[in-house]
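Observations on the three-dimensional arrangement
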Amino acid sequence: MDSLRRLVCAESCRALQEKLESWYRDYEINSCDQNLNRCCEIIELNSQIQGQLFTILNETSREGGHYAGVETIKTRLLPWLGTCFSCATSGRHFEDSLSLTHDSVEKERQLRELASNQTFQLQELQEELTSTRLQLSNVQQDLKTSRAQEEDALRKLDCLNDYEQQIKILRDEITILDAQNSVLQSRLARSRSPSPRRSEIKSSSLLPSRSCSPGRARRTNTSRRACLITRFGDIYAQERLDAETLLRTYISDMEMVQRIIYIAAVESFSAAKMAYRQFKIRVRDTLSLGHSGPESLEDTVLDYIVRHEDLYDVQASVNEVIRSMNINPKISFPPEIDFIVISTLIRELCCVAFSMQTLIPPLDIAFGTDGELFSETKYYRSFDSDFTALLVAYHVWPALMEKDVVILKGEAVTRRGALRFVKLFSCSGLAEVEVAAEAEAAAVALVLF
């Protein structure tokens, strides 16, 4: 036991391994004598270790008595000693044992490297997992923040809608108060006028009779009409082109862009006329309660609307136009964009259309359908039209009308080859046939003649 402890403490085997490794590294640069000296040193060290091992073997066998360990010595030690002293096979067995030792050492080294690599990869995965958890925590925090902001925005939007409703109610109340104020002022003026009937008779006999002067709306009708016609032309020349340029950034089809603008104009006039009728009904109901004066109720209502056009809720009409355009089957728009991008054009058209309803007579746009007979008095042909075609493929801009008279021409595109249904009336009844574009044009021309 003491000999084994001294061998372990001496670390002779570790020194032998280190000498072998050092000799292997420097073998190519050493001289022959240096390599032989190194080999002799290693043999001497190995012989010392072998001597110590034989001493331990002797002590161990002595501890077992006369017969203990005999079988092991016969089967293990004696055959090995025989092979070591055999000249024919000693070198081959040494090389085989050396190669086996080298292979085992190499495998142990590979196992250690594999274990260290797996440990390093495991650490990297743990670090990535920690980083991912941290990022997930940040994303969850951002999501909570965005949800809180969205809820706050929804609350503000609800408050804004309440404010808009209150503003609308206040506007209606202001309208009613203005009407009541007008009625009170007219009554006050009548109460301050001289009351004796003789003075009235005398003054009427001395002064010539004069008719009541027209209201403000009728007096300014001509100037307002000229301004509105000019403004409608400016919208066609400027705002329409701006909206067309804006839409071309989202839609590549020029025909679809022009259809969108035309339908926006048509829907704007329709929404503005509806808003004008509703506004006129409210004003008439309010003023009819205390109306008394030289002017008729209709003139008074018209004067009030002309003076208070700023009470027109144009944003409601814009929203109505956009809603109507969203459900129109003739036009389409990319899902990520809304028709609100041309709200400036729609707002201007609604304002102009509302003001045109206050004229006497009011101005309106011409009704147009795809496939109708092209009219030289109503429309100009677009530059890309087929100038020999007689039918309208689609409209670019509506014509401005005063009853049946064309004030400003619109713009349309004419094409050949369009098919549509034509209703022909005969003595036997109504027959509906489908004809080509040229045959339809000829039929319509014959009917006109």
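Starting afresh in each chain, residues are numbered from 1 along the sequence in its written order. Owing to the predicted nature of the model, reporting of local features is limited to residues with pLDDT of at least 70; listing and counting of side-chain atom pairs is limited to 80 or more, with chain, interface and lining totals taken over all residues. Calculated side-chain values reflect all of the structure's heavy atoms, with hydrogen atoms and water omitted.

Re the overall build of the protein chain
Segments assigned H or I by DSSP are reported as helices when at least four residues long, segments assigned E as strands when at least two residues long, and all are numbered from the N terminus. Counting its secondary structure elements, the protein chain contains 13 helices and eight strands. Summary of the burial criterion: residues with accessible area below 20% of their type's maximum are buried, those above 50% are exposed, and those between are partly exposed, where the area comes from a 1.4 Å probe applied to protein chains only. Classification of the 449 residues of the protein chain by burial places 27% in the buried group. For the protein chain, the share of sequence-separated contacts (at least 6 apart) that also reach a separation of at least 24 residues comes to 64%. Exposure was quantified through the Shrake-Rupley algorithm and a 1.4 Å probe, taking into account, for residues, occlusion by the shown protein chains and nothing else. Accessible surface, the protein chain as shown: approximately 31,000 Å² in total, 57% of it carbon and sulfur. Any pair of residues with heavy atoms lying within 4.5 Å of one another is described as a contacting pair.

Description of unusual backbone geometry
In this chain, isoleucine 360 is followed by proline 361 through a cis amide linkage whose omega measures -10°. Structurally, proline 361 is set in the loop between helix 12 (343–356) and strand 1 (364–365). In the Ramachandran plot, lysine 403 falls in the positive-phi region, its phi being about 60° despite a non-glycine side chain. Position of lysine 403 relative to the elements: it lies in the loop between strand 4 (400–402) and strand 5 (405–408). A relative accessible area of 68% places lysine 403 in the exposed class.

Section: the pattern of salt bridges
What makes a salt bridge here is a side-chain nitrogen of Lys or Arg within 4 Å of a carboxyl oxygen of Asp or Glu, nothing more. Counting across every chain of the model gives 19 salt bridges. Its salt-bridge partner being arginine 38, residue aspartate 26 comes within 3.8 Å of it at the nearest N-O pair. Of this pair, aspartate 26 sits in helix 2 (residues 12–26) while arginine 38 sits in helix 3 (residues 32–63), placing them 12 residues apart in sequence. On the basis of relative accessible area, arginine 38 is assigned to the partly exposed category, the value being 25%. In this structure, aspartate 386 and arginine 416 form a salt bridge, with 3.5 Å as the shortest nitrogen-oxygen distance. Note that aspartate 386 is positioned in the loop between strand 2 (379–381) and strand 3 (392–397) and arginine 416 in the loop between strand 6 (410–414) and strand 7 (420–426), a separation of 30 residues in sequence. If you follow the salt bridges from partner to partner, you end up with Glu255, Arg259, Lys330 and Asp370 in one network.

Details of the packing of aromatic side chains
Any two rings among Phe, Tyr and Trp, with Trp reduced to its six-membered ring, count as a pair given centres within 6.5 Å; such a pair is stacked if its planes are under 30 degrees apart, edge-to-face if over 60, and tilted if neither. Using the criterion set out here, one finds seven aromatic pairs in the structure. With a centroid separation of 5.6 Å and 40° between ring planes, the pair formed by phenylalanine 232 and tryptophan 397 is classed as tilted. Of the two residues, phenylalanine 232 sits in helix 8 (residues 221–248) while tryptophan 397 sits in strand 3, which places them 165 residues apart along the sequence. Judged by its relative accessible area of 2%, phenylalanine 232 falls in the buried class. Chaining the aromatic ring pairs together yields one cluster made of Phe232, Tyr236, Phe269 and Trp397. As a reminder, the over-ring test applies to NZ of lysine and CZ of arginine, requiring each to be within 6 Å of the ring centre and within 35 degrees of the ring normal. Here arginine 381 stacks its cationic end above the ring of phenylalanine 374, 4.2 Å away from the centre of that ring.

Some thoughts on the environment of arginine 282
Here arginine 282 is to be found in helix 9 (residues 254–287). The class of arginine 282 is partly exposed, set by a relative accessible area of 40%.

Re the sheet that holds strand 4
For two strands to pair, DSSP has to find at least two bridges joining them. Spatially, the three strands line up as an open sheet ordered 1-4-5, and their pairing is antiparallel. The sheet is open, and its two edges are formed by strand 1 and strand 5, each paired on a single side. Examined bridge by bridge, strand 1 and strand 4 share two bridges and lie antiparallel to one another. Each bridged residue has a counterpart across the sheet, and for aspartate 364 the counterpart in strand 4 is methionine 401. Comment: axis = line fitted to C-alpha atoms, over the contacting stretch for helices; angle = value between 0 and 180 degrees taken between N-to-C directions. Here helix 8 sits on the sheet and contacts strand 1, strand 4 and strand 5; the angle it forms with strand 5, its principal contact strand, is near 65°.

A few points about the layout of surface pockets
A cavity here means a set of points on a 1 Å grid, drawn over the protein atoms and nothing else, where a 1.4 Å probe fits but cannot get out; a pocket is an open set with protein on both sides within 12 Å along at least five of seven lines, and a residue lines either one if it has an atom within 4 Å of a point. Grid points are joined across faces, edges and corners, and a volume is the space filled by probe spheres set on the points. Size it by volume and the second largest pocket reaches roughly 720 Å³. Around the second largest pocket, the lining comprises 25 residues; the ones closest to its centre are Lys168, Arg171, Tyr312, Asp313 and Ala316. Here the lining of the second largest pocket takes nine residues from helix 5 (residues 90–192), the largest share from any one element. Polar here means any residue other than Ala, Val, Leu, Ile, Met, Phe, Trp, Tyr, Cys and Pro, which are nonpolar, and Asp, Glu, Lys and Arg, which are charged; Gly is therefore polar. Each residue belonging to the lining of the second largest pocket can be placed in one class, and the counts come to 10 nonpolar, eight polar and seven charged.

Section: the confidence of the model for the protein chain
For every residue, the predictor states its confidence as a pLDDT score lying anywhere from 0 to 100. Summing up the model confidence of the protein chain, the mean pLDDT is 79 and the portion of residues at 70 or higher is 76%. Low confidence marks residues 193–213, where pLDDT is under 50. Its contacts with residues over four positions away, or in another chain, come to five contacts. In this model residues 419–449 is a low-confidence stretch, pLDDT under 50, and it forms 35 contacts with partners more than four residues away in sequence or in other chains.

Comments concerning the packing of helix 11 (residues 314–326) against helix 12
For the pair helix 11 and helix 12, the least separation of the axes is 9 Å and the interaxial angle reads 120°. On the basis of their axis angle, the class for helix 11 and helix 12 is oblique. At the point where helix 11 passes helix 12, the crossing takes the right-handed sense. In this structure, helix 11 uses Val314, Gln315, Ser317, Val318, Val321, Ile322 and Met325 to contact helix 12, whose residues at the interface are Ser343, Ile346, Arg347, Cys350 and Cys351. Angles below 35 degrees are treated as roughly parallel, those above 145 as roughly antiparallel, those between 65 and 115 as roughly perpendicular, and all remaining angles as oblique. Should the near helix be turned anticlockwise from the far one by less than a right angle, the crossing is left-handed, and should it be turned clockwise, the crossing is right-handed.

Considering the state of the cysteines
The rule for a disulfide is simple: a pair of cysteine sulfur atoms within 2.5 Å. Tallying each qualifying case throughout the model produces zero disulfides. Free cysteine: cysteine 39, not disulfide-bonded; nearest cysteine sulfur from cysteine 40 at 5.9 Å. What makes cysteine 39 partly exposed here is its relative accessible area of 27%.

So, the nonpolar core
Here, nonpolar core means buried Ala, Val, Leu, Ile, Met, Phe, Trp, Tyr and Cys residues that are tied together by side-chain atoms lying within 4.5 Å of each other. Ranked by internal contacts, the top residues of the largest apolar core, which has 53 residues, are Phe232, Ile260, Met325, Ile342, Ile346 and Met356. At the level of elements, helix 8, helix 9, helix 10 (297–307), helix 11 and helix 12 are the ones that each hand at least two residues to this core. The biggest single contributor to this core is helix 9, with 16 residues. Excluding its chain neighbours within four sequence positions, the residues that come into contact with isoleucine 342 are Ala243, Leu247, Ile260, Ala264 and Met325. Listed in part, the seven residues of the second largest apolar core include Tyr379, Val392, Ala399 and Met401.

Some thoughts on the pairing of strand 3
Here is the key point about a regular strand: its side chains alternate between the two faces of the sheet. The element strand 3 is extensively covered by neighbouring structure, given that five of its six residues are classed as buried. Direction of pairing for strand 3 relative to strand 6: antiparallel, over a ladder of four bridges. By the bridge assignment, histidine 395 is partnered in strand 6 with alanine 412.

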